[in-house]
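Structure assessment
Spelled out from the first residue to the last, the chains are:
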Amino acid sequence: MLIYRISKILIVDNYAVLSEVLLKMHSVGICGSDIHFWQNGRIGDFILRKPMVLGHEASGTVFKVGAGVQHLKPGDRVAIEPGVPRENDEHCRTGRYNLSPSIFFSATPPDDGQLCQYNLHNANFCYKLPESVSFEEGALIEPLSVAIHACRRGGVTIGSKVFILGAGTIGLVNLLVCKAMGASQIMICDLSLNRLKKAKQMGANFTFAVDKNTSAKELSQKVKEALGGAMPDISIECTGAELCIQAGIHATKSGGVMVMVGLGKPFANIPMLEVGIREIDIRGVFRYCNTWPVAIDMLASKRIDVKSLVTHRFPLEEALKAFETTKEGVGIKVMLKCDSSDQIP
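The paragraphs below set out a description of the structure included in this document. Everything numeric in this text was worked out from a predicted model, so none of it was measured. (Residues numbered from 1 in each chain as written. Predicted model: local features only at pLDDT ≥ 70, side-chain atom pairs only at ≥ 80, totals over all residues. Heavy atoms only, no water.)

Overview of the overall build of the protein
Along the backbone of the protein there are 12 helices and 17 strands. Looking at the 345 residues of the protein, the share that counts as buried comes to 53%. A sequence separation of at least 24 residues applies to 68% of the contacts in the protein between residues at least 6 apart. Summed over its atoms, the accessible surface of the protein is roughly 15,500 Å², and 55% of this surface lies on carbon and sulfur atoms. Counting 38 positive and 34 negative side-chain charges, the protein places the averaged centre of each group 3 Å from the other. (Helix = DSSP H or I, 4+ residues; strand = E, 2+ residues; numbered from the N terminus. Buried < 20%, exposed > 50% of the residue type's maximum accessible area, 1.4 Å probe, protein only. Contact = heavy atoms within 4.5 Å. Areas by Shrake-Rupley, 256 points an atom, 1.4 Å probe, with all protein chains shown as cover. Lys, Arg positive; Asp, Glu negative; His and termini not counted. Charge placed at Lys NZ, Arg CZ, Asp CG, Glu CD.)

Rendered as structure tokens:
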């Protein structure tokens, strides 16, 4: 688990892949999908059939570069986009390379991830970090990109009223991006009072605590009351829970948009008649595309601050403890530090 693709690392002086860089990994965040693969061995049709290195929220330092790499040099600090197209198919040609069925994606079967000491990656998907952006912020560009893509898909703009379902990492970065894009009213719900407290600190206008006895219609009614009888233009579902999907549909205004970010069970019971009668657009979100430059600019300009999302840090050697902490739902973002000589954020 400590070193990825040892054979490639040992022959790196002779490797012929001109467009790759060898990275010395620094910070890798643990995502919910990492926990799913660790515990269940699959997410939908992505099935683990052999051992796989986890981790796709990552940053590091360029150690060596392929002969064809011009924009990076050894010593550059970079954020790593984990999805790399393998072919120039119709999705890539239209700018939606995240939908390419053959895409390489770190820590998704059969492709290994970045939770290691050294890793090879396509240089075109490594983005130089400004001095003002830390390694941990660089790693958090991955979940931040999910939010940027979700808000783009939902059409968040100046004056939008947005209801976010789920106040985990993805819900909270959606909150930050909604604010940055000009949303005027942002509501968020969660089971955890601590996470809702964090959401309030980060700028949520209204927070709603839910429990096992809360119904979807009750939750949507609370949202409507908080808005003085109005309804959200956009709901962003970040949990995958059936109740939240239902509540998001009930809460969204007629003609509004429901954005599906959370990954839950393959099938869910949803009020399709209401979707049709009220013309609610349901838009899926699968990862992201064309987001890293925007995310870096947002962080460098201080329009968005993600630093407080990191609540726990572990050295790579304590990876199992870090995964257990994430599984237990303690804190928000758990970060693994892969460079034993540099444990700073």
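Remarks on the packing of helix H5 (residues 141-154) against helix H11 (residues 292-300)
Two elements in contact, H5 and H11, have axes whose closest approach is 9 Å; the angle formed by their N-to-C orientations is 110 degrees. Taken as axis vectors, H5 and H11 run roughly perpendicular relative to one another. Contact residues: H5 offers Ile141, Glu142, Leu144, Ser145, Ile148 and Arg152, while H11 offers Trp292, Val294, Ala295, Ile296, Met298 and Leu299. Of the residues that constitute the contact of H5 with H11, the class distribution is nine nonpolar, one polar and two charged. (Axes fitted to C-alpha atoms, helices over the stretch in contact; angles between N-to-C directions. Parallel < 35°, antiparallel > 145°, perpendicular 65-115°, else oblique. Nonpolar A, V, L, I, M, F, W, Y, C, P; charged D, E, K, R; others polar.)

What about the pairing of strand E15 (residues 281-284)?
Pairing between strand E14 (residues 257-260) and E15: four bridges, direction parallel. Paired with Val259 across the strands is Arg283, a residue of E15. Tracing the backbone out of E14, into helix H10 (residues 272-277) and back to the parallel element E15 gives a crossover that is right-handed. (Pairing = 2+ DSSP bridges. Right-handed = clockwise from strand over helix to strand, strands pointing away.)

Here's the deal with helix H7 (residues 193-201)
Turning to H7, its buried residues are Leu196, Lys198 and Ala199. For H7, the angular spread of buried residues about the axis comes to 155 degrees, placing them on one side. Among the exposed residues of H7, those oriented more than 90 degrees off its buried face are Leu193, Asn194, Lys197 and Gln201. Looking at the buried residues of H7, the elements they touch are helix H6 (169-180), strand E11 (185-190) and strand E12 (206-209). You can read the cap of H7 off the contacts: a side-chain oxygen lies 3.3 Å from the backbone nitrogen of Asn194, and it is on Ser192. Gly203 sits one or two positions beyond H7 and adopts a positive phi of about 115 degrees. (Arc of directions from axis to C-beta. Polar contact = N/O pair within 3.5 Å; in protein donor to acceptor, adjacent residues only side chain to side chain.)

A closer look at the nonpolar core
With 58 residues, the main nonpolar core has Leu172, Cys178, Ile236 and Ile304 as its most contacted residues. Residue contacts for Ile304: discarding those within four places in its chain leaves Leu144, Leu176, Val177, Ala180, Met298 and Leu299. Ile35, Ala58, Leu316 and Phe323 belong to the second largest nonpolar core, which has 29 residues in total. (Core = buried A, V, L, I, M, F, W, Y, C linked by side-chain atoms within 4.5 Å.)

Observations regarding unusual backbone geometry
Trans peptide bonds make up most of the peptide bonds, and negative phi angles are found at most residues other than glycine. Residue Pro110 follows Pro109 across a cis peptide bond; omega there is 5 degrees. Here Pro110 lies in the loop between strand E7 (104-105) and strand E8 (118-122). Phi is positive for Glu279, which is not a glycine, with a value near 50 degrees. Position of Glu279 relative to the elements: it lies in the loop between H10 and E15. Positive phi is not limited to glycine here, since Arg287 has a value of about 60 degrees. By secondary structure assignment, the location of Arg287 is in the loop between E15 and H11.

Some details on H11
Looking at H11, one finds that the buried residues are Trp292, Ala295, Ile296, Met298 and Leu299. The buried residues of H11 occupy one face: seen down the axis, they fall within an arc of 160 degrees. Packing partners of the buried residues in H11 comprise strand E5 (77-80), strand E9 (126-128), helix H4 (135-139), H5 and H6. After H11 finishes, the residue Lys302 shows a positive phi value of roughly 65 degrees.

Re the packing of aromatic side chains
As enumerated under the stated definition, the model contains eight aromatic pairs in all. Between Phe63 and Tyr118, the ring centres sit 5.3 Å apart and the planes meet at 70 degrees, which makes this aromatic pair edge-to-face. Here the residue Phe63 occupies a position in strand E4 (residues 57-65), and Tyr118 occupies one in strand E8, the gap between them amounting to 55 residues. For Phe63, a relative accessible area of 40% corresponds to the partly exposed category. Classification of Tyr118 as partly exposed rests on a relative accessible area of 21%. Both rings, one in Tyr97 and one in Phe125, keep their centres 6.0 Å apart while their planes meet at 75 degrees; by these two values the pair is edge-to-face. Of this pair, Tyr97 sits in the loop between helix H3 (90-93) and E7 while Phe125 sits in the loop between E8 and E9, placing them 28 residues apart in sequence. Take Phe125: its relative accessible area is 13%, and that puts it in the buried class. Of the aromatic side chains, those joined through ring pairs into one cluster are Phe105, Tyr127, Tyr288 and Trp292. (Phe/Tyr/Trp six-rings, centres within 6.5 Å; stacked < 30°, edge-to-face > 60°.)

Some thoughts on a nonpolar patch on the surface
Taken together, the side chains of Phe46, Leu99 and Phe286 make up a nonpolar region of the molecular surface, amounting to roughly 220 Å² of accessible area. Tracing the backbone shows Phe286 in the loop between E15 and H11. (Patch = residues over 30% accessible without salt bridge, like charges linked within 9 Å, V, L, I, M, F, W, Y side chains within 5 Å. Salt bridge = Lys/Arg side-chain N within 4 Å of Asp/Glu carboxyl O.)

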